[in-house]
Each structure stands twice: as C-alpha cells, then as structure tokens.
Amino acid sequence: MLIWEVSTLLNMMHIEKSFNIGTINEKKVLNDLSLTINDGDFITVIGGNGAGKSTMLNTIAGVYKVDGGRILLDGQDITYKSETDRAQYIGRVFQDPMMGTAPTMMIEENLAMAYRRTKKRGLGWGISAKEREIYRQALAQLGLGLEDRMSTKVGLLSGGQRQAVTLLMATLQKPKLLLLDEHTAALDPATSAKVLELSDKIIKENNLTALMVTHNMQNAIDYGNRLVMMNGGRIILDISGEEKKRLTIEDLLKKFESVSGGKFTTDSVLLG
Amino acid sequence: MITTATLISGLAQGLIWAIMTLGVYITFRILDIADLTVEGSFPLGAAVTAVLINGGMHPVLAVFMAILAGCAAGLVTGIFHTIFKIPAILSGILTMIALYSVNIRIMSDKATVAIVQPSVKKLMQNLLPEGTPSNTISIVLGVIVCLAIVALLYYFFGTEIGCAVRATGSNQNMARSLGVRTDRIIILGLMISNALVALSGSLIAQLDYGSALVTMGQGTIVIGLASVIIGEVIFIRKDRNFAIKLIAIIAGAIIYRTIIACALTFSFLKATDLKIITAIIVSIALALPVIKQSIAERKLRAENAKRFETEFLNADMGGEHVA
Ligand SMILES: Nc1ncnc2c1ncn2[C@@H]1O[C@H](COP(=O)(O)OP(=O)(O)OP(=O)(O)O)[C@@H](O)[C@H]1O
Ligand SMILES: [Mg+2]
C-alpha cells in the first residue's frame, strides 16, 4: 500500500531500463532508480556522460517504457501511458535546439501547437486572433524582439532564439512537470546564461516543478532548490535546502568520489 | 506544330491531373514522405469507377467510392509505415505492388475496362450547351473540382488537426512532445493524399481515356513530383499564402501537361518518349538548386580571387608590409 505525502508530484520507484534487450548489446541503463519529486521542486541533475540522465527524463516523458518499477504522477500510475498521453502534463526542452520546434512553421504557429498541448485537437482553427495577443505578450517577456516577428518561420531563428521559443512553448500551458535536458549546452556562453536566467525566471514566476540536467556544476549549484547526482543508472546523491546552498564544486567532486568510489568521469563538468 | 488546340488540351488534362498533383504535394511537401502508393491508387480510382459505373451505379456515387478506395490504399501504406515501422518508400512500394493485383481483380482479369454506361462526362454534357467540346467539359469540371479542393485543403490545413499534420511533417519529435499522435496523423495525411490521387484517376478515366487501364498509374509519382516542382520553381516565392501555393501546384500540373502535349507534336518524338522527357524535367528541376548554388559559389570565388590579386598580393609583394 502507498502512503501519500500531500506534496509529492512524481514518484519513480525502482525503475529498471535496459536497451537492446536480448542482443549482445544489451545494456542496463537505469538500475533500481528511485526518485521522489515534490510539488514546486526545481531539481538540477548532474552526472557523467552515460550516467542515464537523459534516459531518466525520457522514461518520465514516456519516450521509453520502463522494464520494471512504477512511475506515479500526481498519484496516478503513468508507467505504461504513452508519450502523447503524458504530453498534457509534461513540458520539455531538449539539448538540440532543432528538436523542440517545427522549422517550416511560423513562430506563432509553433506557439499555437504548444497552446493545444493539453487538449484534444479538432477541426476548429489552429490559431485565433485572440491567442495572437497572448503569444505577443509572452514573446515580449523573452526580450528578444520576437514579438514583432511572429510570422517568421522558426527555421530562420538562431539556436538561442529557438531554445527561448521552445522554453516558452513548454510552459505556455502550465505543465505539472518541466523537463530540461541540457537545454543550453548547444548555445554560446552568453546566450546559454541568458536562456538559463530565463528558465529560472519562468520556473519561479509560474511556480513550476522542474528537472534540469546540466554538465555545469556551478549552474547546478546556483539554480534550483535541490541537486541530484547520477551514476551508473541510479541517484547517488540528493542534496537540498541549506546544505545545497553551501555546496561548492570541490564538495561535489569529493562527495562523488566517496559515494561512487571513482573519479568523476568527465572533464566537461569542470570546464563547463 | 504547336497550336491553340495543343495548349487547350494541355490545360484540360492538366486541371484533372492537378488533383493528383495536390495529393502528391501533401505527402511530398507537407508530410515529407515520397509516397509511391499513388502509382497504384491512381488506376485504383479509375478501375473502381469504371466497374461500378458499368454495373449501373450513379457516376457521382462511383466517384465517391473511388475516393474511399484511395483512402483505403493510403491507410494500408500508413499502417505499414507507422505501426510496422517499414520505411515510407518501401511501404508505398508494397501497397503499389499489391494494388496491381487488386486492380486486375477489380477489372475482372482485364487490362482495360471501357466505360460503357453514362459517366460524369455525360452528366456534364447534359448540363452544358449541346456540342460543347470535350476539352471544354474537362476544363469546366477541372476548374470547379480544383477550386473546391483548394478551398477544402486551405481550410483543413488551418485547423488544429491540419496544423498537427504540418507540424508532424516538419518535426515529428516536436509534434509528439506536444501531444500529437503522429502515427494517426501520418496515416490521415496518406489517406487524404491517396483519396485525391484516386479521384484524379477516376476523372481521367471518365473524361480523357473513356476507360480504366491497369497500366495508367505508371510514372504517376514522377509526374506528380514534376508538376509540384515546376509549380514551385515558377510561382512560389518564400512566404506565400498557402492557397496561392496550392494554386501554383495546379499551375505546375497544367504547365507540365502542356509541355508534354507540345513535345509530342514534334515529329521526332514518339508517345513512348514521354517518360524520358518527364525524367529529364524532374531531374533538372531537382538538380536546379545545386546547380544554382555551385554557379553562385564559383562566381564569388572568381571575384575574390581577382580582389586577392589586385589588393593583397600587390601590397604584400610591394615590400611595404614585408618585415
Ligand atoms: N536509444 C538507446 N539505445 C541504446 N542505448 C542507449 C539509448 N539511449 C541511451 N543509451 C545508452 O544508455 C546510456 C545512458 O545514456 P543517457 O543518454 O541516458 O546518458 P546521459 O547521462 O544523458 O549522458 P550525457 O551526459 O552524455 O547526455 C549510454 O551508455 C547510452 O549509450
Ligand atoms: Mg544526455
């Protein structure tokens, strides 16, 4: 029997996930992973390449079905729900700026697609004049001047602009959970910082619950109220509150070594 | 000799073939799939219509059945592609091959079925003044049907579901992450496309051939692509309104038919050369962007080389800058 804390939003219990099952390439990627996300949590996720961070996010979003364990969202078992069913609860921004938007459609059409994330699509108009005003205001908040270019094809935007639009799309209809997978990794340092600030602002203003994967340890420390570290397909460290605020990169590296018994696997976590 | 009659026949045929071209446009440009099902669904539309009309069905109803048959063909390809994950091209080829047998079955083991009962053409003849030439009938009907389809497609692709189709063709990953059931959407797109192709086949059989031929689908995809590309190259600047794009595609089909009609008036060409002419047109049109770019690049390089010689080389050799 499950006893629910009022504030639990997502509960991942003993998740198992392997790829290429039944072949010589079989690889266990999530190994008895458990994680409880509370309502309003902004969790940063770190871990070396191949630790299973993206896979964890993808199992939450329903891109991959798990082999074992249970995922509950708001008390509802979503373990075997499809990606499209879960889309109404989950907003996502990907590492690749190309992945989150339709390049051949206008900015406003992309936003209109996102505006309908939570509802069933029918034969009503795909975009209305009233919505355009909503989009104009939302775009204005990005501070990129995109509100004056709403009928520009998204394919003509830069990577940073596209990530900003994708971020807006993911949050236009308030998601129960926002998943950010290294969503600033492909951007130059200045743009990356800007998009990160924007993410933080949107998350705070809308009281979103979010999971953000990053390879930048300083960012992982600076943003959010909770930090988890992954290694070998499970969570090996979970720090929140005051303890997280006092964290330094050295602390994290030391903790990693003591918990995992090895060196951190990538240089990129240090370099940024 | 190219005469007005040639041009008018190009227009008449082009308008009916344009319906097929609009179908190809939906898969090729909007869904980003080259769907070979059309080679089978085109004669399928003709076969269904011919057999049903000869069996006594009202021609309009027979046309409607042809449209449904086209939908079914698209559905099969869609299931192959989305549920069984067979690559789109191969899915289309499988349905196309299967339809060859199906079409012959429908036509009771004959390669040709002449339409002997009154067809849509007869209905039109009754409506229009007596003695209206055959081409004029095709043009009148073609214009009406094409405009109706443009209006329908314009409306449909502006709806929520229509936008989902466009988004799926543009970025499936994004569409799925926004809750679009992309598999169903792709199937829907293939059904609409093949419905149009079957409608085109049905009307060609009634207005032009007067019969259904099992071989009439050969080259349909290439003809469709040729028309789409001609329409785009000639009429479409970047951000045109969708309705204008569709009309440009229709114009492309008309121009293609007219080119073919004109080409066939040259005495050194035979009707069987039609296919190679089509292949040449399509390859040129598809290669055009690459050729254009390579010419522009070469030009720029030549200019820069000249500038390099006059400005930098002289200065560097002149001694002033040499340390
Ligand atoms: N679709 C897949 N098929 C097979 N193996 C996969 C697949 N996706 C991920 N893997 C494997 O699972 C492991 C974990 O991958 P994952 O992408 O989750 O790591 P990550 O922590 O996000 O790493 P990175 O920091 O490099 O993004 C890797 O070894 C990867 O090769
Ligand atoms: Mg990853």
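Since we're looking at a predicted model, the values are computed, not measured.

Asks: So what about the overall build of chain B? Which residues, and what values?
Replies: The secondary structure content of chain B amounts to 12 helices and two strands. When the elements of chain B are put in sequence order from the N terminus, they spell out α-α-α-α-β-α-α-α-α-α-β-α-α-α. Across its three principal directions, the C-alpha atoms of chain B cover 95 × 55 × 35 Å. Across the 323 residues of chain B, 50% fall into the buried class. Sequence-distant contacts, at least 24 apart, represent 77% of the contacts inside chain B between residues at least 6 apart. Distance between charge centroids for chain B: 7 Å, based on 23 positive and 17 negative side chains.

Asks: Let's hear about empty space enclosed by the protein: which residues, and what values?
Replies: Tallied over the full model, the rule gives three cavities of 30 Å³ or more. As a volume, the largest cavity reaches approximately 60 Å³. If you go around the largest cavity, the residues you meet are I90(A), G91(A), R92(A), F94(A), G100(A), R117(A), T166(A), M169(A), A170(A), S177(B) and L178(B). The set of elements that each furnish at least two residues to the lining of the largest cavity consists of strand 6 (90-93) and helix 5 (159-172) of chain A. Tallied by class, residues from the lining of the largest cavity come to five nonpolar, four polar and two charged.

Asks: Which residues make up the sheet that holds strand 8 (residues 210-213) of chain A, and what values do they have?
Replies: All names here are of chain A. Pairing is mixed across the open sheet formed by six strands, whose spatial order is 6-7-8-3-9-10. Where the open sheet ends on each side, the last strands, each with one partner, are strand 6 and strand 10 (234-240). Strand-to-strand twist of the sheet, defined as the mean angle between neighbouring strand axes without regard to direction, takes the value 20°. As paired elements, strand 3 (residues 42-46) and strand 8 share four bridges and run parallel to each other. Counterpart to I43 in the pairing with strand 8 is L211. Most of the contacts of helix 6 (residues 189-205) go to strand 7 (residues 177-181), to which it runs at about 170°, and overall it touches strand 3, strand 7 and strand 8. Those strands touched by helix 9 (residues 249-260) are strand 3, strand 9 (226-231) and strand 10, and its axis lies near 140° from that of strand 10.

Asks: With reference to specific residues and values, describe helix 6 (residues 134-156) of chain B.
Replies: Residues and elements named next belong to chain B. Between the first and last C-alpha of helix 6 there are 32 Å, a value that for 23 residues agrees with the 33 Å anticipated at 1.5 Å per step. Residues of helix 6 that are buried: I137, S138, L141, G142, V145, C146, I149, V150, L153 and F156. Contacts from the buried residues of helix 6 go to helix 1 (4-30), helix 5 (120-127), helix 7 (160-170), helix 9 (182-209) and helix 11 (242-263).

Asks: Outline unusual backbone geometry, listing residues and values.
Replies: As a rule of thumb, non-glycine residues mostly have phi less than zero, and peptide bonds are mostly trans rather than cis. Its identity is not glycine, yet D74(A) carries a phi of approximately 55°, on the positive side. With respect to the element layout, D74(A) can be found in the loop between strand 4 (68-73) and strand 5 (76-77). Phi is positive for S108(B), close to 50°, though the residue is something other than glycine.

Asks: So, the site of ligand 1: which residues are in play, and what are the values?
Replies: All names here are of chain A. Close to ligand 1 lie 15 residues, the nearest being N49, K53, S54, T55 and H215. Between G50 and ligand 1, the recorded distance is 2.9 Å, taken from a backbone N or O atom to an oxygen atom. A distance of 3.3 Å separates a nitrogen atom of ligand 1 from a polar atom in the side chain of Y64. Burial of ligand 1 by the protein chains amounts to 68% of its free accessible area of 630 Å². Of all elements in the fold, only strand 2 (27-38) and helix 1 (53-61) reach the threshold of two or more residues within the shell around ligand 1. If one sorts the elements of the shell around ligand 1 by residue count, helix 1 sits on top with three residues. Residue composition of the shell around ligand 1, by class: four nonpolar, eight polar and three charged.

Asks: Could you give an account of the packing of helix 2 (residues 38-54) of chain B against helix 3 (residues 59-82) of chain B, naming the residues involved and the relevant values?
Replies: Residue and element names in this part refer to chain B. Packing of helix 2 against helix 3 brings their axes to within 8 Å, and their N-to-C directions diverge by 145°. Taken as a pair, helix 2 and helix 3 cross one another with a handedness that is right-handed. Here helix 2 contributes S41, L44, G45, V48, T49, L52 and I53 to the contact with helix 3, which in turn contributes P59, A62, M65, A66, A69, G70 and A73. In terms of residue class, the contact of helix 2 with helix 3 is built from 10 nonpolar, four polar and no charged.

Asks: Could you give an account of the interface of chain B and chain A, with specific residues and numbers?
Replies: On the side of chain A, 32 residues touch chain B, which itself brings 21 residues to the contact. Here chain B and chain A share an interface that buries about 2,400 Å² over both sides, 55% of which is from carbon and sulfur atoms. Of all residues in chain B, E160(B), M174(B) and L178(B) give up the largest surface area on contact with chain A, accounting jointly for 28% of the area buried on that side. The tally of links between chain B and chain A comes to five salt bridges. For D85(A), the salt bridge is made with R181(B), and the minimal N-O distance between the two is 2.7 Å. For the side of chain B that touches chain A, the secondary-structure elements that each account for two or more residues are helix 6, helix 7 and helix 8 (172-177) of chain B. Top element by residues in the side of chain B that touches chain A is helix 7 of chain B. It accounts for seven residues. A per-class count over the side of chain B that touches chain A returns nine nonpolar, seven polar and five charged.

Asks: Go over the sheet that holds strand 2 of chain A with me, naming the residues and quoting the values.
Replies: Residue and element names in this part refer to chain A. The four strands are arranged 2-1-4-5 in an open sheet whose pairing can be described as antiparallel. Each having just a single partner strand, strand 2 and strand 5 make up the two edges of the open sheet. Two elements, strand 4 and strand 5, share two bridges in a ladder whose sense is antiparallel. Residue pairing for strand 5: L72 is matched across the bridge by D77. Relative to strand 1 (residues 8-19), helix 1 is tilted by about 115°, and along the sheet it contacts strand 1, strand 2 and strand 4.

Asks: So what's going on with the layout of surface pockets? Which residues, and what values?
Replies: What the largest pocket holds in volume is close to 1,400 Å³. Around the largest pocket, the lining comprises 39 residues; the ones closest to its centre are T104(A), K153(A), Y25(B), R240(B) and K245(B). Elements with a contribution of two residues or more to the lining of the largest pocket: helix 3 (107-115) of chain A together with helix 1, helix 7, helix 10 (220-235), helix 11 and helix 12 (274-317) of chain B. Take the lining of the largest pocket: its biggest share by element is five residues, from helix 12 of chain B.

Asks: Before we move on, can you summarise the environment of L30(A) with the specific residues and values?
Replies: Residue and element names in this part refer to chain A. If you trace the backbone, L30 turns up in strand 2. Look at L30 and you get buried, because its relative accessible area is 0%. Distance in space between the C-alpha atoms of L30 and M230 is 10.0 Å, their sequence separation being 200 residues. Setting aside residues up to four positions removed in sequence, L30 forms contacts with I15, E16, K17, G52, T55, M56, T59, M230 and G233.

Parameters and conventions
- Positions within a chain are numbered from 1, following the residues in the order the chain's sequence is written.
- Each chain is given a letter, starting from A, and each ligand a number, starting from 1, according to the order in which they appear as written.
- Local features are withheld for residues below a pLDDT of 70 in this predicted model, meaning they are given only at 70 or higher, and side-chain atom pairs are given and counted only at 80 or more; totals for whole chains, interfaces and linings count all residues.
- Side-chain measures were taken over the full set of non-hydrogen atoms in the model, leaving aside hydrogen atoms and water.
- Here a strand is any run of E in DSSP of at least two residues, a helix any run of H or I of at least four, and the numbering for each starts at the N terminus.
- Residue exposure (1.4 Å probe, protein chains only): buried if accessible area is under 20% of the type maximum, exposed if over 50%, otherwise partly exposed.
- Contacts are assigned to residue pairs that have any heavy atoms within 4.5 Å of one another.
- This count recognises Lys and Arg as positive and Asp and Glu as negative, with His and chain-terminal groups excluded.
- For this purpose, a charge sits on NZ of Lys, CZ of Arg, CG of Asp or CD of Glu.
- Any residue with an atom within 4 Å of a point lines the site, the site being either a cavity, points on a 1 Å grid over the protein atoms alone where a 1.4 Å probe fits but cannot get out, or a pocket, an open set with protein on both sides within 12 Å along at least 5 of 7 lines.
- Grid points are joined across faces, edges and corners, and a volume is the space filled by probe spheres set on the points.
- Asp, Glu, Lys and Arg are counted as charged, while Ala, Val, Leu, Ile, Met, Phe, Trp, Tyr, Cys and Pro are counted as nonpolar; the rest, among them Gly, fall into the polar class.
- Two strands pair under a simple rule: DSSP has to find at least two bridges between them.
- To get an axis, a line is fitted to the C-alpha atoms, and for a helix only the part in contact is used. The angle between two axes follows their N-to-C directions and goes from 0 to 180 degrees.
- Given a helix with a known number of residues, its expected span is that number minus one, times 1.5 Å.
- Nearness is judged by heavy atoms alone; a residue qualifies as near a molecule or strand once a single heavy atom is within 4 Å of it.
- Under the rule applied, a polar contact is a pair of N or O atoms within 3.5 Å (in protein, one hydrogen donor and one hydrogen acceptor; residues adjacent in sequence only if both atoms are side-chain atoms).
- Only the protein chains shown count as cover for residues, with accessible areas throughout obtained via the Shrake-Rupley method and a probe of 1.4 Å.
- Two helices crossing with the near one rotated counterclockwise from the far one by less than a right angle form a left-handed crossing, whereas a clockwise rotation gives a right-handed crossing.
- For any pair of parts, buried area is found by adding up, for both, the accessible area (1.4 Å probe) each one loses once the two are put together.
- What counts as a salt bridge is simple: a side-chain nitrogen of Lys or Arg found within 4 Å of a carboxyl oxygen of Asp or Glu.

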